[in-house]
Amino acid sequence: MTGRAPLVIAIDGPAGSGKSTIAAALARRLGLPHVDTGAYYRAATLAVLRAGVDVTDADRVTATVRRARIDRYAGRVVLDGQDVEDEIRGPAVTAAVSTVSAHPPLRYHLVELQRAEVGAAGGVVEGRDAGTVVVPDAPLKVWLTASPAERAARRAAQLGPADSDAVALHAAQIAERDASDAARMVRADGVVEVDTSGRSVEQVVAELVEHAIAASAARGGGG
Ligand code: DC
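One structure accompanies this document, and this report is about it. (Residues numbered from 1 in each chain as written. Predicted model: local features only at pLDDT ≥ 70, side-chain atom pairs only at ≥ 80, totals over all residues. Heavy atoms only, no water.)

1. Structural notes on the site of the ligand
Here is step 1: Taken together, 14 residues lie around the ligand, and T37, R42, R107, D129 and R177 are the ones closest in.
Here is step 2: Its free accessible area being 450 Å², the ligand has 98% of it covered by the protein chains.
Here is step 3: Judged by the proximity of its atoms to the pocket grid, the ligand belongs to the largest pocket.
Here is step 4: Its residues assigned to classes, the shell around the ligand comprises 2 nonpolar, 4 polar and 8 charged. (Near = heavy atom within 4 Å. Areas by Shrake-Rupley, 256 points an atom, 1.4 Å probe, with all protein chains shown as cover. 1 Å grid on protein atoms, 1.4 Å probe; cavity = no way out; pocket = protein on both sides within 12 Å on 5 of 7 lines; lining within 4 Å. Sits in = over half its atoms within 2 Å of the grid points. Nonpolar A, V, L, I, M, F, W, Y, C, P; charged D, E, K, R; others polar.)

2. Examining the layout of surface pockets
Here is step 1: The space that makes up the largest pocket amounts to roughly 1300 Å³.
Here is step 2: As for the largest pocket, its lining consists of 50 residues, and the residues nearest its centre are A15, R42, R89, R155 and R177.
Here is step 3: Looking at which element gives the most residues to the lining of the largest pocket, the answer is helix α8 (residues 164-181), with 7 residues.
Here is step 4: Classifying every residue of the lining of the largest pocket by side-chain character gives 12 nonpolar, 21 polar and 17 charged. (Points joined across faces, edges and corners; volume = space filled by probe spheres on them. Helix = DSSP H or I, 4+ residues; strand = E, 2+ residues; numbered from the N terminus.)

3. Brief notes about helix α7 (residues 148-159)
Here is step 1: A rise of 1.5 Å per residue sets the reference length of α7, with its 12 residues, at 16 Å; its end C-alpha atoms lie 17 Å apart and thus fit the reference within 8%.
Here is step 2: Taken together, the buried positions of α7 are R151, A152, R155 and A156. Buried positions in α7, seen along its axis, are confined to an arc of 130 degrees and lie on one side of it. Opposite the packed face of α7, turned more than 90 degrees from it, sit the exposed residues A149, A157 and Q158.
Here is step 3: In this structure, the buried side of α7 is in contact with α2 (37-51) and α8.
Here is step 4: Two residues or fewer past α7, G160 is found with a positive phi of approximately 150 degrees. (Expected span 1.5 Å × (residues − 1). Buried < 20%, exposed > 50% of the residue type's maximum accessible area, 1.4 Å probe, protein only. Arc of directions from axis to C-beta. Contact = heavy atoms within 4.5 Å.)

Written out as structure tokens, the structure is:
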């Protein structure tokens, strides 16, 4: 083997596109760490909510998060020494995370932490700006999409038995979060776009493994 850098794969896409499930499954399949960048924004939001800081105040938000300690161990988020993986997926954090994550100085800080997690082992880096900002040199960049109806149904199913009211509510929330996240949802150059609608996790992962093999071969061939 040569001393080549470890494989890094960027997976971006909107909420409900299947990103988290696909990124985790792909990482397992390839034996790479799964770096969930959204988890950092969620942990930062929890720190801000706990501190009672106004989520629109960029300076105080950033100062609060800089004072906090955010770690990830075995796929779980630890905030100031406490496992908060379940709490950061709850409604309070979900409602505020888009506002908190819009502050550029906070993003600079969290991107540093995310890059540190990718570190020496490489990884499947999942988020909104993985391919454009966090790991722009990744040899494989993927943009996942799904139809709006499917995205809402998936989000509702994650949170409990889905009835049509729940799906409609999630559709409205997803549209709102898309609008608020829009500035960060930029497709990287050379991105592979994959629509996950109506496809199983296994089918999508199999397609991405093919792309990963091709990207690795191209990288090896290119030196
Ligand atoms: O992927 P998720 O739903 O856990 O992301 C939570 C929020 O964090 C989402 O509203 C957008 C934001 N986010 C971001 O701005 N940049 C990222 N790289 C990842 C997530």
